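Report on the structure
Chain residues, written in single-letter form:
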2 protein chains.
Amino acid sequence: MELTPPLLEYLGRAAYVQLTLFENLSRAVANAPTVAAKAAIGRSAELSITKHRALADEIVKTGSSAAEAMDPYTAEVDDFQRVTNGGDWYENVVTCYVTSGFLDDFFIRLAAGLSADPARRIAEIYSSGSGEDVLVEQLASAIAASPRLASRLAMWGRRLVGDTMLVARASLHYTDNHKSDEARIEPVFTELIAAHTRRMDSLGLTA
Amino acid sequence: MELTPPLLEYLGRAAYVQLTLFENLSRAVANAPTVAAKAAIGRSAELSITKHRALADEIVKTGSSAAEAMDPYTAEVDDFQRVTNGGDWYENVVTCYVTSGFLDDFFIRLAAGLSADPARRIAEIYSSGSGEDVLVEQLASAIAASPRLASRLAMWGRRLVGDTMLVARASLHYTDNHKSDEARIEPVFTELIAAHTRRMDSLGLTA
């Protein structure tokens, strides 16, 4: 993408976003209603923290420290975490599923605008997936069993998209030409939203 | 150890204990006062969840499910988690450091009583360490700077040993000969407590 930020900025944001996604997943592990759910979501948490660490390792390769590179983005990403914090365990699992899916997709797209070597390594980091199937499994049966839960989670899923898109947009390097920037961003976000719709479909919910 | 339980029982407990240690570490990540502490403790959390998953994989190898194997021990280990939950971030990091150190050591010792093949694989799982150095680093400077914090954490460390030993003891398979059991256990616990004392020393605290 032409709006990809410089490498260290990309990595600082991507690493801190991933650490935040991990925190959300590990909270879902801690609060899981059954030991089976705990163990299953533990797998997603592992994938997420491994991705974070690999991104942090990339930061170290540039000669910077992971903490310093992430620091400028913590306030904004912490805000995102706060507003996407759900009212119960199910909402929080939806948050993990929807925001990890969207943001991983986004950072994969954004990495294509980096120079070839780090772009390739970063693509590999994200290729491990995020254990989405595990989250779908935990949610789908509960949703199928309760129309009330289904409609509540459908609404929650819709609310999440706005806040998630804001974090993604804040990661872009805009030029002076606002109109041409928007023309470039639009098709990317159209795709990301289509993927979001498919994600909600997998839960049996309307996006 | 002669008091080692059957493999599946060993694995169920060890895996659930490790999941609990991971939960404590991930809470320490989420509540870390600085982004540097967050990133550093993230590494310990990663080591811990990877160990949990490897132990869960060992359960699957026996033909059981991880959730079913862990289920009988959740109430007891959840109690342990509750009573070792500290009053602030520093106490919780001490909990992570002291209980992970002690229980990893204990389950390594206990694994020696299993049959050769799983014993070897389990030794390998635990050989990745638990990122203790990272926890020491986070604590040591704060302790050196505040005598009041030092004495509070020294007291907290002492309190933790009792509850941690209880969880360890509950994992043993006692025979009918109580006296000979105790004679076998005693030297093991003496070693584990010596290691605990070294751990507290590393923090500049008296055990």
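We now turn to the structure provided with this report. Everything numeric here is computed off the predicted structure, so don't read it as measured data.

Here is what the cut-offs are and how they apply
- Residues numbered from 1 in each chain as written.
- Chains lettered and ligands numbered in written order.
- Predicted model: local features only at pLDDT ≥ 70, side-chain atom pairs only at ≥ 80, totals over all residues.
- Heavy atoms only, no water.
- Helix = DSSP H or I, 4+ residues; strand = E, 2+ residues; numbered from the N terminus.
- Buried < 20%, exposed > 50% of the residue type's maximum accessible area, 1.4 Å probe, protein only.
- Areas by Shrake-Rupley, 256 points an atom, 1.4 Å probe, with all protein chains shown as cover.
- Lys, Arg positive; Asp, Glu negative; His and termini not counted.
- Charge placed at Lys NZ, Arg CZ, Asp CG, Glu CD.
- Least-squares fit on C-alpha atoms with pLDDT ≥ 70 in both.
- Contact = heavy atoms within 4.5 Å.
- Expected span 1.5 Å × (residues − 1).
- Bend = angle between axes of the 7 residues up to and from the residue.
- Buried area = accessible area lost by both parts, 1.4 Å probe.
- Salt bridge = Lys/Arg side-chain N within 4 Å of Asp/Glu carboxyl O.
- Nonpolar A, V, L, I, M, F, W, Y, C, P; charged D, E, K, R; others polar.
- Polar contact = N/O pair within 3.5 Å; in protein donor to acceptor, adjacent residues only side chain to side chain.
- Axes fitted to C-alpha atoms, helices over the stretch in contact; angles between N-to-C directions.
- Parallel < 35°, antiparallel > 145°, perpendicular 65-115°, else oblique.
- Phe/Tyr/Trp six-rings, centres within 6.5 Å; stacked < 30°, edge-to-face > 60°.
- Lys NZ or Arg CZ within 6 Å of the ring centre and 35° of its normal.
- Core = buried A, V, L, I, M, F, W, Y, C linked by side-chain atoms within 4.5 Å.

**Some thoughts on the overall build of chain A**
Of regular secondary structure, chain A possesses nine helices and zero strands. The order of α-helices and β-strands along chain A, N terminus first, is α-α-α-α-α-α-α-α-α. Within the span of chain A, comprising 207 residues, buried residues form 55% of the whole. If you sum the accessible surface of chain A, you get close to 8,700 Å²; carbon and sulfur atoms cover 54% of it. Put simply, chain A has 20 plus and 27 minus side-chain charges, and the middle of one group is 4 Å from the middle of the other.

**Describing the relation of the copies chain A and chain B**
Relative to chain B, chain A is turned by 180 degrees and slid 0.0 Å along the rotation axis, the superposed coordinates differing by an RMSD of 0.0 Å. Both chain copies can therefore be described as sitting about a two-fold axis. Here 100% of the contact residues of chain A are again contact residues in chain B; the copies associate through an equivalent surface.

**Some points on helix α7 (residues 132–145) of chain A**
Residue and element names in this part refer to chain A. With 14 residues, α7 should reach 20 Å at 1.5 Å per residue; the first-to-last C-alpha distance of 20 Å fits that figure. Of all the bends in α7, the greatest measures close to 25 degrees and is centred on Leu139. In this structure, the buried side of α7 is in contact with α1 (7–30), α2 (35–61), α5 (89–111), α8 (147–170) and α9 (178–202).

**Topic: the interface of chain A and chain B**
With 23 residues of chain A in contact, the opposing surface of chain B contributes 23 residues. Buried area between chain A and chain B, summed over both chains or domains, comes out near 1,800 Å², and the portion from carbon and sulfur atoms is 71%. In this assembly, chain A and chain B are joined by four salt bridges. Residue Glu23 of chain A is joined to Lys38 of chain B by a salt bridge in which the shortest nitrogen-to-oxygen separation is 2.6 Å. Every element with two or more residues in the side of chain A that touches chain B is listed here: α1, α2 and α3 (66–70) of chain A. Of all the elements, α2 of chain A adds the most residues to the side of chain A that touches chain B, at twelve residues. Taken together, the residues of the side of chain A that touches chain B sort by class into twelve nonpolar, five polar and six charged.

**Points about the side chain of Ser171 of chain B**
Residues and elements named next belong to chain B. In this fold, Ser171 is placed in the loop between α8 (147–170) and α9 (178–202). Classification of Ser171 by relative accessible area gives buried; the value is 2%. A polar contact of 3.0 Å, which involves the side chain of Ser171, links it to the backbone oxygen of Val167. Once you skip the residues sitting within four places of it in the chain, Ser171 turns out to touch Pro5, Arg13, Phe106, Phe107 and Leu110.

**Thoughts on the packing of helix α4 (residues 74–83) of chain A against α8 of chain A**
Residues and elements named next belong to chain A. For the pair α4 and α8, the least separation of the axes is 10 Å and the interaxial angle reads 175 degrees. The angle between α4 and α8 places the two elements in the roughly antiparallel class. Counting all contacts with α4, which are made through Glu76, Phe80 and Val83, the residues of α8 involved are Trp156, Arg159, Asp163, Thr164, Val167 and Ala170. Split into classes, the residues belonging to the contact of α4 with α8 amount to five nonpolar, one polar and three charged.

**Regarding the packing of aromatic side chains**
Under the counting rule described, the total for this entry stands at eleven aromatic pairs over all chains. When the ring of Trp89 of chain B is compared with that of Tyr90 of chain B, the centres are 5.2 Å apart and the planes differ by 80 degrees; the resulting orientation is edge-to-face. Overall, Trp89 of chain B belongs to the buried group, its relative accessible area being 11%. Tyr90 of chain B sits in the partly exposed class, given a relative accessible area of 26%. The interplanar angle of 45 degrees and the centroid separation of 6.1 Å between the aromatic rings of Phe106 of chain B and Phe189 of chain B together place this pair among those described as tilted. Taken as a pair, Phe106 of chain B in helix α5 (residues 89–111) and Phe189 of chain B in helix α9 lie far apart in primary sequence, 83 residues in all. Assessed through its relative accessible area of 0%, Phe106 of chain B is described here as buried. We note Arg169 of chain A situated over the ring of Phe189 of chain A; from NZ or CZ to the ring centre the distance is 5.4 Å.

**As for α5 of chain B**
Taking 1.5 Å as the rise per residue, α5 of chain B with 23 residues should run 33 Å; its terminal C-alpha atoms sit 32 Å apart, in good agreement. The opening residue of α5 of chain B is Asp88 of chain B, an N-cap whose side-chain oxygen sits 3.3 Å from the backbone nitrogen of Tyr90 of chain B.

**Things to note about the nonpolar core**
Core analysis: the biggest nonpolar cluster contains 141 residues, and Tyr10 of chain A together with Tyr10 of chain B have the highest contact counts within it. Ignoring anything within four residues of it in the chain, the contact list for Tyr10 of chain B reads Pro5, Phe107, Ile108, Leu110, Ala111, Leu114, Ile122 and Tyr126 of chain B.

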